[in-house]
Protein chains: 2
Amino acid sequence: MPVSSSGCCAPISDAALDAAGAAEGATVFKALADPIRLRLLSMITSAGDEICVCDLTPQFDVSGPTISHHLKVLREAGLVDCERRGTWVYYWPVPERLQWISSLLAVPEPIPAR
Amino acid sequence: MPVSSSGCCAPISDAALDAAGAAEGATVFKALADPIRLRLLSMITSAGDEICVCDLTPQFDVSGPTISHHLKVLREAGLVDCERRGTWVYYWPVPERLQWISSLLAVPEPIPAR
DNA sequence: AGTCAAGATAGATATATGTCGAAACAGGAG
DNA sequence: CTCCTGTTTCGACATATATCTATCTTGACT
């Protein structure tokens, strides 16, 4: 039964994310927290290896600059990378980054169900 | 070489997330897009099975209502659930939801590295 | 009842974010 | 060199979000 003033039951596990890790994780999740960016990322990851911006933009109802802005957010989060080849710019995913952010969502032990 | 006006190379894969799925995914990622909420979730998932709010609040430099607000966001995103027992309120994770959101981050095919 | 403590809710405010149009930049074609 | 197209950057604005203080609700205990 909980009695102390500073805590009523089990202490915080050391397995919990520290403040620094949480800050970095939050910035990456922030990049994913928009429907357009999520679809952009999905299109980029489901393309064979890379995809042209000119194939992404027409899929949305927003202006070109807005798509460019969202791609920049994904790029700055380290989730995708890009390269200009001639007139067009191509984007591809960064799998290691995707795996890392995905790992933050793992539940340590299989919880029995409740 | 890209030539058409509507697309310059490969078409969008059918594997890409549709607008509806992206909208729901984005709301969940939005819940994760804050350092405090990420730490809260981490503490909740790394506790054995559940954890008391009174053990969460003192870990942060923000006020009680702010923690309460963040917990509500996590709850409404379906990531955690809670129950009041006497004076205290206990939170636990919803593993199925965590797995679902994690699955949105999976890269369809192993990309050869670039 | 009356009191106290744990959490949640409400209302206010400052900051962050998504969106646009206009303008700048980069490269290819005439 | 000059024009045209694809993409990014810039500035502005409307909306959303994080945080606070104050208040309310719930339950325990005297």
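Here's a quick rundown of the structure.

Parameters and conventions
- Residues numbered from 1 in each chain as written.
- Chains lettered and ligands numbered in written order.
- Predicted model: local features only at pLDDT ≥ 70, side-chain atom pairs only at ≥ 80, totals over all residues.
- Heavy atoms only, no water.
- Salt bridge = Lys/Arg side-chain N within 4 Å of Asp/Glu carboxyl O.
- Helix = DSSP H or I, 4+ residues; strand = E, 2+ residues; numbered from the N terminus.
- Buried < 20%, exposed > 50% of the residue type's maximum accessible area, 1.4 Å probe, protein only.
- Contact = heavy atoms within 4.5 Å.
- Polar contact = N/O pair within 3.5 Å; in protein donor to acceptor, adjacent residues only side chain to side chain.
- Nonpolar A, V, L, I, M, F, W, Y, C, P; charged D, E, K, R; others polar.
- Least-squares fit on C-alpha atoms with pLDDT ≥ 70 in both.
- Phe/Tyr/Trp six-rings, centres within 6.5 Å; stacked < 30°, edge-to-face > 60°.
- Lys NZ or Arg CZ within 6 Å of the ring centre and 35° of its normal.

**Quick look at the pattern of salt bridges**
The final tally for this structure, using the stated rule, is 6 salt bridges over all chains. Between B:Glu50 and B:Arg85 there is a salt bridge whose closest N-O contact spans 2.4 Å. Residue B:Glu50 is located in the loop between helix 2 (35-46) and strand 1 (51-52), and its partner B:Arg85 is located in strand 2 (residues 80-85); the two are separated by 35 residues in the primary sequence. The exposure class of B:Arg85 is partly exposed, given its relative accessible area of 34%. It is possible to trace a salt-bridge network through shared partners that takes in A:Glu50, A:Glu83 and A:Arg85.

**Quick notes on the interface of chain A and chain B**
Counting residues at the interface gives 54 residues for chain A, matched by 54 residues for chain B. The interface formed by chain A and chain B includes 0 salt bridges. For the pair chain A and chain B, the interface holds 3 residue pairs in polar contact (both at pLDDT 80 or more). Every element with two or more residues in the side of chain A that touches chain B is listed here: helix 1 (19-32), helix 2 (35-46), strand 1 (51-52), helix 3 (53-56), strand 2 (80-85), strand 3 (88-93) and helix 5 (95-103) of chain A. If one sorts the elements of the side of chain A that touches chain B by residue count, helix 1 of chain A sits on top with 8 residues. Residues of the side of chain A that touches chain B, tallied by class, amount to 34 nonpolar, 10 polar and 10 charged.

**Details of the relation of the copies chain A and chain B**
Of the two same-sequence chains, chain A is brought onto chain B (RMSD 0.0 Å, axial shift 0.0 Å) by a rotation of 180°. Given the turn and translation reported, the copies of this chain are related as if by a two-fold rotation axis. When the interface residues of chain A are mapped onto chain B, 100% of them again fall at the interface, so both copies present the same face.

**Thoughts on the packing of aromatic side chains**
As enumerated under the stated definition, the model contains 1 aromatic pair over all chains in all. Residues A:Phe29 and B:Phe29 carry aromatic rings whose centres are separated by 5.9 Å and whose planes lie at 25° to one another, so their mutual orientation is stacked. Here B:Phe29 lies in helix 1 (residues 19-32) and A:Phe29 lies in helix 1, a pairing that spans two chains. For B:Phe29, a relative accessible area of 0% gives the class buried. One Lys or Arg, A:Arg85, reaches over the ring of A:Tyr90 and ends 4.4 Å from the middle of that ring.

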